[in-house]
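Below, each chain spelled out in residue letters.
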Amino acid sequence: MEGFAYLRNVATLQLDRDTCIGCGLCALVCPHRVFVIEGNKSRIVERDACMECGACALNCPVRAIAVDAGVGCASGMINEWLTSLKIRKSGAGGCS
Amino acid sequence: MPGFLRWLDIPAGRVPVVSSQLRFGDRVGSWKARWGIGRMSYLVPPGLYAIGDPTPADPVVVTANYKMSYDIVRRTLAGRNVWLLVLETYGINVWCAAGKGTFGTGETVRRVEATRLAEVVSHRLLLLPILGAAGVRALEVQSRTGFQVRFATIRAADLPEFLDNGMTTTPTMRELTFTIAERLVLSPIEIVAALKGFFPILLGLILLGGLSGGGFSVTAAAGPAVAYLGAVLTGALVTPLLLPWLPTRSFAVKGAFAGLVWAAIWHALSGESWHGAATAAGFLILPAVASFLALSFTGSTPFTSRSGVKKEMRLALPVMAASLVIGAALWIAGKFFAA
């Protein structure tokens, strides 16, 4: 994504190349061109561009991808935290 | 339902044919949703719709039942014959609903079955938005319904070209963008959200700020309120607009930087009336407010990760809290113990 980059070395994305069958679905669903298919395997080329949406892991037919998927949203996370502390019942800021 | 033209009778039942022309009411509705007015109940009934005069061979495009998503998709498909399958996402857009799982495998399967889609069309292909992939496991939809899922494009606007090119997704169709216009359109909701949450603070600032020498001064009250409103706009409007050019990759730092610039501008503008403890308080509080709102904007961007936001929050929230507390203490002390 030209001109935009988020924090380095935080994304939890992992690809198990031994399990990968090179079907290419991960590259098809990724909106940030994190993967390329080389030979018969996928490879992570832009880990720092990963926004951990989880589309690749969900669609991988052999479950070769692992990522701590979730939404990168500060308000949502503050709400989750307040909910867990039982300060607030539920609901997210503007996105319930 | 919005845009209804007539009923189309097919063997599987009646399907509403909807217009590709947005009316004045649709535009007003979209504008209201952007400003947070009735946004949480801006939805259309889920189900199957017809655009143009589709036959069993025509494509099926899948979208969410947020009315703005539905409007954008039906408008972009003007002049074509297409089936539109609207999923129940409770009025949430595709991307956010996929993150929550409501634009998901289960709902896709349920909606394909409920609309008896297999009897409506002769092919077995569903065209989904690429951002729906975070919620939909394509292979599972296929094994449960017989329909193959193709993730077509990110933007609805690319659908016509996709359809004309024999359903080929070009590299630009699968790459996210976040242009100035795309950022600007998000600002109203950010500002509304920021002002809602901070209204009591504004009131407190006006009341406390106006107290001077035993009386209440309107001019003295206006200063802190304007400074604060400026910080809100800096965090919710200016920072998103200048996002690529503000320093570092951290949203909290970008916001704090913009907030510091605002504090300096406000200090220069207000000149004499702003000195000592008030100056220190301004330089502590205004960047913290802008920084917090900038950090909140992570939820509206299409490139921030959960792990990244977690890290920022862990590092930045304590600093913001400290700045606010020290700044507020300095300001109040300055007001009451000033010579």
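Our subject is the structure that appears above.
Residues numbered from 1 in each chain as written. Chains lettered and ligands numbered in written order. Predicted model: local features only at pLDDT ≥ 70, side-chain atom pairs only at ≥ 80, totals over all residues.

A. Broad picture of the overall build of chain B. Looking only at helices and strands, chain B features 13 helices and nine strands. Here the C-alpha radius of gyration of chain B, 25 Å, is well above what a compact globule of 339 residues would show, namely 20 Å. Projected onto the principal axes, the alpha-carbon positions of chain B cover approximately 85 × 35 × 30 Å. (Helix = DSSP H or I, 4+ residues; strand = E, 2+ residues; numbered from the N terminus. Rg over C-alpha atoms; globule rule 2.2 N^0.38 Å.)

B. The interface of chain B and chain A, seen in detail. Facing the 35 residues of chain B at the interface are 36 residues of chain A. Going through the elements one at a time, helix 3 (94-100), helix 6 (138-145), helix 9 (187-210), helix 12 (277-296) and helix 13 (306-337) of chain B are the ones with two or more residues in the side of chain B that touches chain A. Of the residues belonging to the side of chain B that touches chain A, the class tally is 19 nonpolar, nine polar and seven charged. (Contact = placed C-beta atoms within 7 Å. Nonpolar A, V, L, I, M, F, W, Y, C, P; charged D, E, K, R; others polar.)

C. Fine view of the environment of B:K335. Within the element layout of this structure, B:K335 appears in helix 13. C-alpha of B:K335 to C-alpha of B:P302: the two residues are 33 residues apart in sequence and 44 Å apart in space.

D. Seen up close, the sheet that holds strand 4 (residues 60-64) of chain B. Residue and element names in this part refer to chain B. Read across the sheet, seven strands follow the order 1-2-3-5-4-6-7 without closing on themselves; strand pairing throughout is mixed. Each having just a single partner strand, strand 1 (4-10) and strand 7 (148-151) make up the two edges of the open sheet. Across the sheet, the mean angle separating the axes of adjacent strands is 35° when strand polarity is ignored. Where helix 2 (residues 67-76) meets the sheet, it contacts strand 2 (13-18), strand 3 (47-51), strand 4 and strand 5 (82-87), and its direction lies at approximately 155° from that of strand 4. (Pairing = 2+ DSSP bridges. Axes fitted to C-alpha atoms, helices over the stretch in contact; angles between N-to-C directions.)

E. Representation of the nonpolar core within the structure. Of all hydrophobic cores here, the largest spans 74 residues; its most connected members are A:V29, A:C56, B:V60, B:V61, B:W83, B:L84 and B:L85. At six residues, the largest contribution of residues to this core is made by strand 5 of chain B. Setting aside chain neighbours within four positions, we find A:V29 in contact with A:A55, A:C56, A:N59, B:I130, B:A133 and B:F151. Formed by 41 residues, the second largest nonpolar core is a distinct cluster that contains A:V71, B:A227, B:I285 and B:A294. (Core = buried A, V, L, I, M, F, W, Y, C linked by C-beta atoms within 7 Å. Buried ≥ 20, exposed ≤ 12 C-beta atoms within 10 Å, placed from the backbone.)

F. Representation of the pairing of strand 3 (residues 41-44) of chain A in the model. Residues and elements named next belong to chain A. Two strands pair when backbone bridges link them, and strand 2 (residues 35-38) and strand 3 are joined in this way by four bridges, in the antiparallel orientation. Counted as the bridge partner of E38 is K41 from strand 3. In textbook terms, the turn of a hairpin is the stretch between consecutive antiparallel strands, and for strand 2 and strand 3 this stretch comprises two residues, one of which, G39, has a positive phi near 65°.

G. Fine view of the packing of helix 10 (residues 218-241) of chain B against helix 11 (residues 251-270) of chain B. Residue and element names in this part refer to chain B. Contact geometry for helix 10 and helix 11: axes closest at 9 Å, N-to-C directions at 145°. Both helix 10 and helix 11 take part in a crossing whose hand is right-handed. Packed against helix 10, whose contacting residues are G223, A227, G230, A231, T234, G235, V238 and T239, the element helix 11 presents K254, G255, A258, G259, W262, W266 and S270 at the interface. In terms of residue class, the contact of helix 10 with helix 11 is made up of six nonpolar, eight polar and one charged. (Left-handed = near helix turned anticlockwise from the far one by under 90°.)

H. Summary view of the pairing of strand 2 of chain B. Residues and elements named next belong to chain B. As paired strands, strand 1 and strand 2 are joined by six bridges and run antiparallel to one another. Across the sheet, the residue bridging to I10 is G13, located in strand 2. Taken together, strand 1 and the strand that follows it, strand 2, pair antiparallel across an intervening segment of two residues. Where strand 2 and strand 3 come together, two bridges link them in parallel fashion. Residue pairing across strands places V18 opposite I51, the latter belonging to strand 3.

I. Region of interest: unusual backbone geometry. One non-glycine residue with positive phi stands out, namely A:R63, at about 50°. Here A:R63 shows up in the loop between helix 2 (55-59) and strand 4 (65-66). Unlike most non-glycine residues, B:T248 shows phi in positive territory, near 65°. Mapped onto the elements, B:T248 comes out in the loop between helix 10 and helix 11. On the basis of neighbour count, B:T248 is assigned to the exposed category, with 11 C-beta atoms found within 10 Å.

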